[in-house]
Amino acid sequence: MLERLWRQRRRLVLTFILCGLTGFILADGGILASIANTVQLGLDAPIYSKTYMDVAEASGVMVRTPYEIRRSGWGPTVAEAVAHATRDLDGVYISVDIDCLNFAFAAGTSVVNAGGLYVHEVADALYEIGKTANVVGMDIVEVAPPLDPSNCTQQVAAQLVMNLLAGKAHRT
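Residues numbered from 1 in each chain as written. Predicted model: local features only at pLDDT ≥ 70, side-chain atom pairs only at ≥ 80, totals over all residues. Heavy atoms only, no water.

J.: Which residues make up the confidence of the model for the protein chain, and what are the values?
T.: Residues with a pLDDT of 70 or more make up 78% of the protein chain, whose mean pLDDT is 80. Averaged pLDDT values for the elements of the protein chain fall to 46 in helix α2 (residues 20–28) and rise to 96 in helix α7 (residues 152–171). Contacts of residues 16–29 to residues separated by more than four positions or lying in other chains number 49 contacts, the stretch itself having pLDDT below 50. (pLDDT = per-residue confidence, 0-100. Helix = DSSP H or I, 4+ residues; strand = E, 2+ residues; numbered from the N terminus. Contact = heavy atoms within 4.5 Å.)

J.: I'd like to hear about the nonpolar core, residue by residue, with values.
T.: Judged by nonpolar contacts, the single largest core of 29 residues is most densely connected at Ile94, Ile98, Leu101, Val122, Leu126, Ile129 and Leu160. Taken together, the elements giving at least two residues each to this core come down to β2 (39–41), α5 (74–86), β4 (91–97), α6 (119–132) and α7. Core analysis: the second largest hydrophobic core is formed by seven residues, Ile35, Tyr52, Met53 and Val63 among them. (Core = buried A, V, L, I, M, F, W, Y, C linked by side-chain atoms within 4.5 Å. Buried < 20%, exposed > 50% of the residue type's maximum accessible area, 1.4 Å probe, protein only.)

J.: An account of the packing of α5 against α6 is requested, with residue identities and associated values reported.
T.: Helices that pack against each other are described as a pair by the angle of their axes relative to one another and the distance between those axes. One way to put it is that α5 packs onto α6 with a least axis distance of 10 Å and a crossing angle of 40°. Taken as axis vectors, α5 and α6 run oblique relative to one another. Between α5 and α6 lies a crossing of right-handed hand. Across from Trp74, Val78 and Val82 in α5, the residues of α6 making contact are Glu121, Ala125, Glu128, Ile129 and Thr132. Of the residues contributing to the contact of α5 with α6, the split by class is five nonpolar, one polar and two charged. (Axes fitted to C-alpha atoms, helices over the stretch in contact; angles between N-to-C directions. Parallel < 35°, antiparallel > 145°, perpendicular 65-115°, else oblique. Left-handed = near helix turned anticlockwise from the far one by under 90°. Nonpolar A, V, L, I, M, F, W, Y, C, P; charged D, E, K, R; others polar.)

This is the structure we're talking about:
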């Protein structure tokens, strides 16, 4: 269904928050209009080596680590990300990997992240993206309820969706 949705639009991009490998797989399969419009915000895991970052950036992917985002500020980073992701495209699809968040807020994931982003940072970024870009879809991946008996991770995931929708509502 996702592929059909993409094929019905002129050109789309998949924008990520800590979900890098999927983008390269989709690009290799010809689903993405261009990997060069992809944005990866919050990459913080050790699997993202210098080689990975170099290949991503050489492919035109905008990559920002939590350190870079916090140093530059979320406002300018989101504005840059939206400009990068939307150039010459009809829409943006967002995939949020819940393990981009600090494990204090998202313990219910297979790969907890001690240096992750804060909920308000991602929630605010999603609101701004929803407000400024034509978002045609979204998913949140790696939410594992059995790993979080407090249900905090699920509640945070729901809040992130609500923030994106609030941004979309503000746009229209």
